[in-house]
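# Breakdown of the fold
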Amino acid sequence: MLNKLQYVMDMVEKRNPNEPEFLQAVEEVLESLEVVATKNPEFLDAGIFERIVEPERQIFFRVPWVDDNGKVQVNRGFRIQFNSAIGPYKGGLRFHPSVNASIIKFLGFEQIFKNALTTLPMGGGKGGCDFDPKGKSDAEVMRFCQSFMSELNRHIGQFTDVPAGDIGVGAREIGFMYGQYKKIRNESVGVLTGKGLQYGGSLARTEATGYGLCYLTEAMLNDHGSSFAGKTVVVSGSGNVAIYATQKATEMGAKVVALSDSAGYIYDENGINLDVVKDIKEVRRARIKEYVDAVPTATYTEGCAGIWNIPCDVAMPCATQNELNEEAAKTLVKNGVKAITEGANMPCTPEAVSIIQANNVLYVPGKASNAGGVAVSGLEMSQNSLRLSWTFEDVDARLKAIMEEIYANISTTAKEYGLEGDYVAGANIAGFLKVARAMLAQGVI
Ligand code: NDP
Ligand code: 2IT
């Protein structure tokens, strides 16, 4: 319930009608910040709340390209430069047909607090395009990426705004965009992260989000006298985050029994064989249902939402926003779930979060639990500045330390504000405080 900050929500609703995802993300954060508005009136006096919900700059642009049949295609590109109080704008690019202003703004808003939690100096931003890479040839993806970067390049830079990957944007797309940036600007700089290892990428960036999710989850389970060892885990999605979350959870002694894509889910009671998944998703860019061709004892079910009916101890939604609703939350609770940690951004609906928290299930929101990806992006920027590359072990150890520190920070902050165990409040408040103090110090800009 909003009280002191209702006026901020009213303003955001008036300015951003028809943007449900953005309004959802803002409302959730403002609800957590009510206690801050009471305890820290200096932020109210300086208009920090009104300013933090308004992007510093929003760029929408035309992305024309020619498909393999010689036909001209036009997509819409976005870059939302949301907040630069603690560092250059930083955040991924999403290529998916559903991309619109609401989705990119919600992601950019979440990124402000997530990046603050990493302890690294990065502001918040996000971008993308309503382009669908599915079914496109490599040549089409290349022409599209080149056109996208022909416009984006003038708005970004290593000290200004540093994009990376997200849904639909992996090593292939980053490579094409990096090449085009370098050609247009005639400079070799770390303007994108998630680059290939041959041209400035960081070891462990590919694994970072999924591994980081498991490091944080393990830290939380340990704090509550438990661990991944022997647990049954359900992971949704089968992209970058899901694959490396499955890998690390398995290494930590858990059994991951399910994965999905937007069409359906697989269930393997023996534990997912990740070599099969990697071949399907990373090598062949095919559909998860092909898993059952290689592992006939596993089952495939149409419809991705059904994955939450599988009984598990730990659920890690790693696909997309609002993929886990109230009904799914009730089923998970009924089946005895002990922890839910988000690999995706905002995968649980507000109604689901209420059910989860009311039933004392350990729950960490994405802006804390999936911060490992952007944290290693920050480490990639550090390595690019140093003109050095660190070993996999070195980056992985730093990632683990950052995730454990994030857990400690959100846990301590929740306690300090009288909300012990509420990691939503802990993450929102801790992330906000760092950014708000920087904004206060820098005056009204
Ligand atoms: P990928 O493109 O690698 O994989 C996305 C996965 O999610 C695919 O299995 C995809 O299935 C599924 N998916 C996407 N959209 C939908 C949808 N509308 N409904 C159901 N399933 C869907 O993306 P990532 O793994 O990189 O990203 C997954 C999530 O993690 C996103 O929320 C992203 O914002 C978040 N994230 C990513 C980080 C990163 O470093 N990559 C860092 C932090 C968060 P299909 O193939 O059928 O579309
Ligand atoms: O949502 C996210 O944090 C990402 N997609 C990663 C952003 C980044 O800059 O590495």
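What this report covers is the structure whose coordinates are included nearby. Computed from a predicted model, the values in this text were never measured in an experiment.

Counting its secondary structure elements, the protein chain contains 17 helices and twelve strands. When the backbone C-alpha atoms are referred to their principal axes, the protein chain occupies close to 60 × 55 × 45 Å. Out of the 445 residues in the protein chain, the part that is buried amounts to 58%. A sequence separation of at least 24 residues applies to 73% of the contacts in the protein chain between residues at least 6 apart. Taken as a whole, the protein chain presents about 17,500 Å² of accessible surface, with 50% of it coming from carbon and sulfur.

Backbone hydrogen bonds hold the strands of a sheet together, and the pairing may be parallel or antiparallel. Overall, mixed pairing links the five strands, which are arranged S1-S2-S4-S3-S5 in an open sheet. Strands at the two margins of the open sheet, each flanked by one partner only, are strand S1 (57-66) and strand S5 (161-164). Each strand of the sheet is rotated relative to its neighbour by a mean of 20°, with strand direction disregarded. Relative to strand S4 (residues 123-129), strand S3 (residues 89-95) runs parallel, the two being bridged by five bridges. Its bridge partner lying in S4, Phe95 is registered against Cys129. Those strands touched by helix H6 (residues 138-152) are S1, strand S2 (72-83), S3, S4 and S5, and its axis lies near 145° from that of S1.

Here we come to the packing of helix H15 (residues 372-386) against helix H16 (residues 392-416). For any two helices packed against each other, one specifies the crossing angle of their axes together with the interaxial distance. Remark: H15 packs on H16, axes separated minimally by 10 Å, with the N-to-C direction vectors making an angle of 130°. Classed by the angle they form, the pair H15 and H16 counts as oblique. Of the two possible hands of crossing, H15 and H16 adopt the one that is right-handed. Here H15 contributes Gly372, Ala375, Val376, Leu379 and Gln383 to the contact with H16, which in turn contributes Val395, Arg398, Leu399, Ile402 and Met403. Classifying every residue of the contact of H15 with H16 gives seven nonpolar, two polar and one charged.

Once that is clear, we can look at the site of ligand 2. Near ligand 2 there are 14 residues, and of these Lys90, Lys114, Asp166, Arg205 and Ser377 occur at the shortest range. One of the side-chain N or O atoms of Lys126 is found 3.0 Å from an oxygen atom in ligand 2. In this structure, an oxygen atom belonging to ligand 2 sits 3.0 Å away from a side-chain N or O atom of Arg205. Put simply, the parts of the chain that give the shell around ligand 2 at least two residues each are S3, helix H5 (101-117) and H15. A per-class count over the shell around ligand 2 returns two nonpolar, seven polar and five charged.

Moving on, we get to the state of the cysteines. Any covalent bond linking the sulfur atoms of two cysteines counts as a disulfide. As enumerated under the stated definition, the model contains zero disulfides in all. Left without a disulfide partner, Cys214 is nearest to the cysteine sulfur of Cys318, which lies 8.0 Å away. In this structure Cys312 is not part of a disulfide, and its nearest cysteine sulfur, from Cys348, lies 12 Å away.

Turning our eyes to something else, we now look at H6. Across its 15 residues, H6 extends 20 Å between first and last C-alpha, which sits within 8% of the 21 Å expected from 1.5 Å per residue. All of the buried residues along H6 are Glu140, Val141, Phe144, Cys145, Ser147, Phe148, Met149 and Leu152. Check the buried side of H6 and you find it contacts S1, S2, S3, S4, S5 and helix H7 (171-185).

Around ligand 1 sit 25 residues in total, of which Asp166, Thr209, Ser262, Arg287 and Asn345 are the nearest. Between Arg94 and ligand 1, the recorded distance is 3.0 Å, taken from a side-chain N or O atom to an oxygen atom. Measuring from an oxygen atom of ligand 1, one finds a backbone N or O atom of Asn240 at 2.9 Å. Here ligand 1 loses 85% of its free accessible area of 890 Å² to cover by the protein chains. When its residues are assigned to classes, the shell around ligand 1 shows five nonpolar, 13 polar and seven charged.

This part covers the packing of H5 against helix H17 (residues 423-441). With their axes 8 Å apart at the nearest point, H5 and H17 run at an angle of 85° to one another. The orientation of H5 with respect to H17, classified from their angle, is roughly perpendicular. Along its contact with H5, which presents Ile112, Phe113, Ala116 and Leu117, the element H17 presents Ala427, Asn428, Ala430, Gly431, Phe432, Lys434 and Val435.

Pairing is mixed across the open sheet formed by seven strands, whose spatial order is S9-S8-S7-S6-S10-S11-S12. Each of the sheet's edge strands pairs with one partner strand only, and the pair in question is strand S9 (299-302) and strand S12 (362-364). Each adjacent strand pair in this sheet contributes to an overall mean axis angle of 15°, direction not counted.

Let us look at the nonpolar core. Judged by nonpolar contacts, the single largest core of 59 residues is most densely connected at Phe228, Tyr291, Met316, Ile406 and Ile410. Take this core: its biggest share by element is nine residues, from helix H8 (residues 205-223). Setting aside residues no more than four positions away along its own chain, Ile406 makes contact with Leu117, Thr118, Leu216, Ala368 and Ala371. Membership of the second largest hydrophobic core comes to 44 residues, among which are Ala85, Val99, Phe109 and Met346.

What counts and what doesn't
Residues numbered from 1 in each chain as written. Chains lettered and ligands numbered in written order. Predicted model: local features only at pLDDT ≥ 70, side-chain atom pairs only at ≥ 80, totals over all residues. Heavy atoms only, no water. Helix = DSSP H or I, 4+ residues; strand = E, 2+ residues; numbered from the N terminus. Buried < 20%, exposed > 50% of the residue type's maximum accessible area, 1.4 Å probe, protein only. Contact = heavy atoms within 4.5 Å. Areas by Shrake-Rupley, 256 points an atom, 1.4 Å probe, with all protein chains shown as cover. Pairing = 2+ DSSP bridges. Axes fitted to C-alpha atoms, helices over the stretch in contact; angles between N-to-C directions. Parallel < 35°, antiparallel > 145°, perpendicular 65-115°, else oblique. Left-handed = near helix turned anticlockwise from the far one by under 90°. Nonpolar A, V, L, I, M, F, W, Y, C, P; charged D, E, K, R; others polar. Near = heavy atom within 4 Å. Polar contact = N/O pair within 3.5 Å; in protein donor to acceptor, adjacent residues only side chain to side chain. Disulfide = S-S within 2.5 Å. Expected span 1.5 Å × (residues − 1). Core = buried A, V, L, I, M, F, W, Y, C linked by side-chain atoms within 4.5 Å.

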